[in-house]
Amino acid sequence: MRANEELTLDGNAVGGLLDEVFGADLTAAVGTCPDCGRRDALATLRAYTYAPGVVLRCPGCDGVQLVIVRTPRGLRHQLRSVIERR
Amino acid sequence: MNTLQWQIATITKITPETAKVKSFTLSLPGWIKHRAGQHYDLRLTAPDGYRAQRSYSIASAPERTGEIDLTIERVEDGEVSTFLHQVVVPGDRVEVRGPIGGYFVWDATTSGGPVLLVAGGSGVVPMMSMLRHRAAVGAKVPVRLLYSSRTYDDVIYREELASLATGGVEIFHTLTRSQPAGWTGYARRIDDTMLAEVSRPFGASALTFICGPTPLVESAATSLERASLRADRIKTERFGPTGT
């Protein structure tokens, strides 16, 4: 766990990618985890960027909130959390 | 020009900061004023089309026009940071986009204060943009920086930090591995006692920024919340050693 944890970035690092997908800087937008209900800025989510794609997970329960994959046909994303833009 | 558009920046200057850290001055044809704490995405493209991309915090003040400084630590086996440290020379060009980020940002004229900054290693880089910004606009908001480094020689911006520690800015160093003779700062990892000592004069309402390796960020944030700092006033930025 430790080694993996130390490879972790957070939502701040993928602000540009979030902007590409959603058309706005969403790092300060608040997301609610569908699994544990934690509410906080997307910047606080753990970002795993070394997979083929980016996975954002809840730092509270490790639940997947958002997956973004760049494919030859463009960006694909799956969103599980509820996002409130501010 | 918008912040998502990739542009070709020219590296005009490379400044060694420590044995493993260098600052790169990038001249930007499409310069956009940033907010202190924001970053740029930087990408390298190999002749075969393979691309590697990283995000690096801006170290310079937003008030400096036309160019930015990125301070980058060389990471073991890091394909981007190693290239930047060992191959790039002034005059070379790299692809960047930014500025990016709307969360870990501070504006000296509107964000209020006081401000508590907690940094580990190269996590001090966005804090440096904040301190340079504060100085550039002549803000009076009180700022305390608690900065953890391994050794004296690993302290990034050591001399400039010392010169910035005036007029309401106080800087507290801790050296976790070894300390020079006569060292009067802290000499251990950041812990509850240290955070309580540094944050106490600011009370529970301090706007707090924490940036560094994940374990440091999480323990410092948890510790400050236990010390009743308001969680919604604590902003964090984590980086893994193989990434940024």
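Residue positions are given per chain, counted from 1 along the sequence in the order it is written. All chains are assigned letters beginning at A, and all ligands numbers beginning at 1, according to the order in which they are written. Two thresholds apply to this predicted model, a pLDDT of at least 70 for residue-level local features and 80 or more for giving and counting side-chain atom pairs, whereas whole-chain, interface and lining totals are computed over all residues. Excluding hydrogens and water, the side-chain values take into account all heavy atoms of the structure.

> How do you make sense of the domain arrangement of chain B when you look at a structure like this?
Note on interface size: it is often stated as the accessible area lost on association of the parts. Residues and elements named next belong to chain B. By convention here, the domain bounds are inherited from an automatic or database domain assignment. When the domains of chain B are assigned, the result is domain 1 (7-100) and domain 2 (115-239). Inter-centroid distance (C-alpha atoms) of domain 1 to domain 2 is 24 Å. Between domain 1 and domain 2, the contact holds 18 residues from the first and 17 residues from the second. Here domain 1 meets domain 2 over a buried area of about 1300 Å², counting both sides, of which 55% is carbon and sulfur. Summed over the three residues of domain 1 that lose the most area to domain 2, namely Thr-18, Ala-59 and Glu-63, the buried surface amounts to 30% of that side. Residues Glu-73 and Arg-150 are paired through a salt bridge, measuring 3.8 Å at the closest nitrogen-oxygen approach. N or O atoms closer than or at 3.5 Å make up a polar contact, with two conditions inside protein: a donor-capable atom paired with an acceptor-capable one, and, for residues adjacent in sequence, both atoms drawn from side chains. Here domain 1 and domain 2 share 7 residue pairs in polar contact (both at pLDDT 80 or more) between them. What makes two residues a contact is simply this: any of their non-hydrogen atoms within 4.5 Å. Two parts placed together each lose some accessible area; with a 1.4 Å probe, that loss summed over both constitutes the buried area. Basic side-chain nitrogens of Lys or Arg form a salt bridge, by our definition, when they fall within 4 Å of a carboxyl oxygen of Asp or Glu.

> Help me understand the sheet that holds strand β4 (residues 46-48) of chain A, please; the structure alone is not making it clear to me.
All names here are of chain A. Pairing between strands is defined by DSSP: at least two bridges between the two strands are required. By definition, any uninterrupted DSSP run of H or I lasting at least four residues is a helix, any uninterrupted run of E lasting at least two residues is a strand, and each is numbered from the N terminus. As summarised here, the arrangement of the 5 strands in space is β1-β4-β5-β6-β7, forming an open sheet in which the pairing is antiparallel. At either margin of the open sheet sits one strand with a lone partner, and together these are β1 (9-10) and β7 (74-79). In this fold helix α2 (residues 15-22) packs onto β5 (54-57), β6 (64-71) and β7, with an angle of close to 80° to the strand it touches most, β6. With axes taken as lines fitted to C-alpha atoms, and helix axes fitted only over the stretch in contact, angles between N-to-C directions fall between 0 and 180 degrees.

> How should empty space enclosed by the protein be read in this particular structure?
Cavities and pockets are defined on a 1 Å grid built over the protein atoms alone: a cavity is a set of grid points where a 1.4 Å probe fits but cannot escape, while a pocket is an open set with protein on both sides within 12 Å along at least five of seven lines, and lining residues are those with an atom within 4 Å of any such point. Grid points are joined across faces, edges and corners, and a volume is the space filled by probe spheres set on the points. This model, assessed by the stated rule, comprises 2 cavities of 30 Å³ or more. Surrounding the second largest cavity, Asn-12 of chain A together with Gly-37, Gln-38, His-39, Ile-100, Gly-101, Gly-102, Tyr-103, Phe-104, Val-105 and Glu-237 of chain B form its lining. In terms of residue class, the lining of the second largest cavity is built from 4 nonpolar, 6 polar and 1 charged. Three classes are used: nonpolar for Ala, Val, Leu, Ile, Met, Phe, Trp, Tyr, Cys and Pro, charged for Asp, Glu, Lys and Arg, and polar for all others, with Gly counted as polar.

> Any chance you could explain the interface of chain A and chain B here in plain terms?
Each partner contributes residues to the interface: chain A has 24 residues there, and chain B has 24 residues. For the pair chain A and chain B, the summed buried surface comes to about 1800 Å²; carbon and sulfur atoms form 49% of the total. Between chain A and chain B we count 3 salt bridges in total. A salt bridge links Asp-10 of chain A to Arg-238 of chain B; the shortest N-O distance between them is 3.7 Å.

> It is not clear to me how helix α4 (residues 192-199) of chain B should be interpreted in this structure. Could you clarify?
The periodicity of an α-helix, 3.6 residues per turn, causes residues three or four places apart in sequence to face the same way. Those residues of α4 of chain B not exposed but buried are Met-194, Leu-195, Val-198 and Ser-199 of chain B. Looking straight down α4 of chain B, one finds its buried side chains confined to an arc of 115°; they lie on one side. Residue exposure (1.4 Å probe, protein chains only): buried if accessible area is under 20% of the type maximum, exposed if over 50%, otherwise partly exposed. Picture the helix axis, draw a direction to every C-beta atom, and the arc is the one those directions span.

> Quick question: what am I supposed to make of the pairing of β5 of chain A here?
On a regular strand, each side chain points to the face opposite its neighbour's, so the side chains alternate between the two faces of the sheet. All names here are of chain A. In this sheet, β5 lies alongside β4 in antiparallel orientation, the contact comprising 3 bridges. In the sheet register, Arg-46 faces β5, and the bridge partner there is Arg-57. The turn joining β4 and β5, which pair antiparallel and follow one another in sequence, is formed by 5 residues; a positive phi near 130° is taken by Gly-53. Two elements, β5 and β6, share 4 bridges in a ladder whose sense is antiparallel. In the strand pairing of β6, Leu-56 is matched with Leu-66. Between β5 and β6, which pair antiparallel one after the other, the connecting turn spans 6 residues, and Asp-62 there sits at a positive phi close to 75°.

> What is the right way to look at the pairing of strand β1 (residues 7-18) of chain B in this model?
All names here are of chain B. Strand direction decides the pairing type here: β1 and strand β6 (residues 93-100), joined by 4 bridges, are antiparallel. In the strand pairing of β6, Ala-9 is matched with Val-94. Two elements, β1 and strand β2 (residues 21-27), share 7 bridges in a ladder whose sense is antiparallel. Among the inter-strand pairings, Thr-15 is bridged to a residue of β2, identified as Ser-23.

> Looking at this model, I keep getting lost on the nonpolar core. Mind explaining?
Soluble globular proteins: nonpolar side chains tend toward being buried together. Residues and elements named next belong to chain B. Here, the term nonpolar core denotes a set of buried Ala, Val, Leu, Ile, Met, Phe, Trp, Tyr and Cys residues that are joined through side-chain atoms within 4.5 Å. The biggest cluster of nonpolar side chains holds 51 residues, and the ones touching the most others in it are Leu-117, Met-127, Leu-145 and Phe-209. Residue assignment places this core across two domains, with domain 1 (7-100) and domain 2 (115-239) each supplying three or more. Excluding anything up to four places from it in sequence, Leu-145 contacts Leu-117, Ala-119, Val-124, Met-127, Leu-131, Leu-161, Glu-170, Ile-171 and Phe-172. Grouped together as the second largest cluster of nonpolar side chains are 19 residues, Ala-9, Leu-42, Leu-70 and Val-96 included.

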